[in-house]
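Structural overview for review
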Amino acid sequence: MQQTLSIIKPDAVKKNVVGKIIDRFESNGLRIVACKRLWLSKADAKAFYAVHSQRPFFNDLVDFMVSGPVVVMVLEGENAVLKNRELMGATNPKEAEKGTIRADFADSIDANAVHGSDSIENAKIEIDFFFAKREIC
C-alpha cells in the first residue's frame, strides 16, 4: 500500500467543504490513516514549500497557506499518489477535468482547494513534515 499527503487548503476549509473532499478520497479507494486540522505558521509554510522559494509565487503561496486553518491527511491505498493527483485535477481549476476536486471547489490557480504529493519520494518527506510515526494508523 502506498501513502501520500493531502492538504485541504484554507479556501476549501473556509467554504466548509472538508467533508465533501474527504468523501471523494474515501469513495475512490483511499483510506485516511492520519488527519489533523491546524493553522500553519509562516515558518512552517516557508519550510514546507521551500522547494518553491525561488519562484515568483512563493511569498503569495506562503501568505495564502497561513491565511486560515488547513486539514492535513495521510491517504493510503493502491497507487495513492497518482490516485490523489487524479482526484485533485489540474493545478489551475479552469483546466481541471469536470468532477475533480479543483474543478468543483477551487476558485483560482492560487486558491486551488488542495495540495497533494507529486511523487512517492516527496510523499514520504511531506508526511514526515507533518506527522510522527505514532500518528499514522
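Residues numbered from 1 in each chain as written. Predicted model: local features only at pLDDT ≥ 70, side-chain atom pairs only at ≥ 80, totals over all residues. Heavy atoms only, no water.

Mapped onto the fold, G77 is located in strand 3 (residues 70–77). The class for G77 is buried, based on a relative accessible area of 2%. C-alpha separation for the pair G77 and N28, spaced 49 residues apart in sequence, amounts to 9.4 Å. Setting aside anything within four residues of it in sequence, one finds G77 in contact with M1, Q2, G29 and L30. (Helix = DSSP H or I, 4+ residues; strand = E, 2+ residues; numbered from the N terminus. Buried < 20%, exposed > 50% of the residue type's maximum accessible area, 1.4 Å probe, protein only. Contact = heavy atoms within 4.5 Å.)

Attention now moves to the UniProt feature "binding site: ATP" (unreviewed entry) in the chain. Within this numbering scheme, the UniProt entry marks K9, F57, R85, T91, R102 and N112 as carrying the feature "binding site: ATP" (unreviewed entry). Examined against the element boundaries, R102 turns out to sit in helix 6 (residues 101–105). With residues up to four places along the chain from it excluded, the contact list for R102 reads M88, G89, A90, T91, P93, A96, N112, V114 and H115. On the secondary structure map, N112 appears in the loop between helix 6 and strand 4 (114–116). Residue contacts for N112: discarding those within four places in its chain leaves K9, D11, T91, R102 and A106. In terms of polar contacts, N112 uses its side chain to reach the side chain of K9, at 2.7 Å. (UniProt positions renumbered as here; feature names shortened; annotations may be inferred. Polar contact = N/O pair within 3.5 Å; in protein donor to acceptor, adjacent residues only side chain to side chain.)

As a further point, take the environment of V71. Residue placement: V71 occurs in strand 3. Expressed as a C-alpha distance, the spacing of V71 and E135, which sit 64 residues apart in the sequence, is 15 Å. Look past the residues within four positions of V71 in its chain and what remains in contact with it is S6, I7, I8, V13, V18, C35, K36 and R37.

A separate point is the sheet that holds strand 2 (residues 31–38). Strand order in the open sheet formed by four strands is 2-3-1-4, and the pairing between neighbours is antiparallel. The sheet is open, and its two edges are formed by strand 2 and strand 4, each paired on a single side. Neighbour-to-neighbour, the strand axes of this sheet turn through a mean angle of 20°, independent of strand direction. Across seven bridges, the pairing between strand 1 (residues 2–8) and strand 3 is antiparallel. (Pairing = 2+ DSSP bridges. Axes fitted to C-alpha atoms, helices over the stretch in contact; angles between N-to-C directions.)

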